[in-house]
Amino acid sequence: MLAMVLLMVAAFASGVLNAVAGGGAFITFPALLFAGVPPVSANVSSTVALFPGQMASAWAYRNEIRGVTEVSVTAFSVVSLVGGVVGAVLLLTTSDRAFAGLVPWLLLFATAVFAVGSFMPALAARLRLNGHSVLVVQFVIAIYGGYFGGGIGFLMLAALTLFGLRDIHAMNGLRILLAALMNGAAVAAFCLSDAVSWPETAVMAVSAIAGGYVGAHAAKRVSRDVMKWVVVSIGVGLTLYFFIKGAGA
């Protein structure tokens, strides 16, 4: 019972965090490990549990997503779906231990790029991605998202920043939608396997929906500058933690 309560709290917090800035998997994945779920199953179950919350957040951001005109939302969606399937298949056929070792480095890179784009736009302008390269980057992120998923929010915000987007709320809405799509593709593959630990996943999914919806509405009430500092602060904190403890901690 204590483990289930912990998982419910972790899922709610993850739903809120995913809606605000991303990184929710870094709460649910360790919580599932603590509850005794094996690593690969914990990774799979975390993705499945958080998916409903991401959809709830994406729905709450639907107006902001409709206002995105700088990029093709359709093209980004297709790339995210395909990449999510590729990553899920890789996870189900290989160990995620070596790949998880890259997590702190990916977080460090993504946090640094987002900070540069948000607070030093003149420098970011020299590093801009064009329309084709940003789709390639999104495809790689989607593969990572289907495989492990931790930090994909930061990576997508970094890519969108390098492409030239600056409206943090529009970026956040698009980031949530794309994360939901790539995870949705992965969830479809995971549900066809026997890797999902359903009792824990079902309990967490309900809490994640509540957290995702609450977090989305809370995030939209925060100023753009505050949101940028929140994203960078969370990124720095998670980067330091996983450099010290490791992604398998």
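Residues numbered from 1 in each chain as written. Predicted model: local features only at pLDDT ≥ 70, side-chain atom pairs only at ≥ 80, totals over all residues. Heavy atoms only, no water.

Identification of the chain as Probable membrane transporter protein from Azospirillum brasilense is taken from an unreviewed UniProt entry. Looking at the chain in UniProt, the text filed under Sequence similarities (unreviewed entry) is "Belongs to the 4-toluene sulfonate uptake permease (TSUP) (TC 2.A.102) family." We quote the UniProt Subcellular location (unreviewed entry) comment for the chain here in full: "Cell membrane". (UniProt positions renumbered as here; feature names shortened; annotations may be inferred.)

**Q** Account for the overall build of the chain, with residues named and values stated.
**A** Looking only at helices and strands, one finds 13 helices and zero strands in the chain. In terms of overall dimensions, the chain is globule-like: its C-alpha atoms have a radius of gyration of 16 Å, near the 18 Å expected for 249 residues. With the C-alpha coordinates of the chain rotated into their principal frame, the extents come out at 50 × 35 × 35 Å. The buried share of the chain, reckoned over its 249 residues, is 53%. Just so you have it, the chain exposes about 10,600 Å², and 73% of that area is on carbon and sulfur atoms. (Helix = DSSP H or I, 4+ residues; strand = E, 2+ residues; numbered from the N terminus. Rg over C-alpha atoms; globule rule 2.2 N^0.38 Å. Buried < 20%, exposed > 50% of the residue type's maximum accessible area, 1.4 Å probe, protein only. Areas by Shrake-Rupley, 256 points an atom, 1.4 Å probe, with all protein chains shown as cover.)

**Q** Give me the packing of aromatic side chains: which residues, what numbers.
**A** Evaluated as defined, the whole model comprises three aromatic pairs. Between Tyr 144 and Phe 148 the ring centres are 6.4 Å apart and the planes differ by 45°, which places this aromatic pair in the tilted class. The burial state of Tyr 144 is the same as that of Phe 148; both residues are buried. Chaining the aromatic ring pairs together yields one cluster made of Phe 29, Tyr 144 and Phe 148. A cation over a ring is seen here: Arg 62 above Trp 59, with NZ or CZ 4.1 Å from the ring centre. (Phe/Tyr/Trp six-rings, centres within 6.5 Å; stacked < 30°, edge-to-face > 60°. Lys NZ or Arg CZ within 6 Å of the ring centre and 35° of its normal.)

**Q** Before we move on, can you summarise the UniProt feature "transmembrane region" (unreviewed entry) in the chain with the specific residues and values?
**A** Cross-referencing UniProt, the feature "transmembrane region" (unreviewed entry) maps to residues 71-93, 105-124, 136-164, 176-196, 202-219 and 226-244 in the present numbering. Helix makes up 83% of residues 136-164 and strand 0%, with an end-to-end C-alpha separation of 16 Å.

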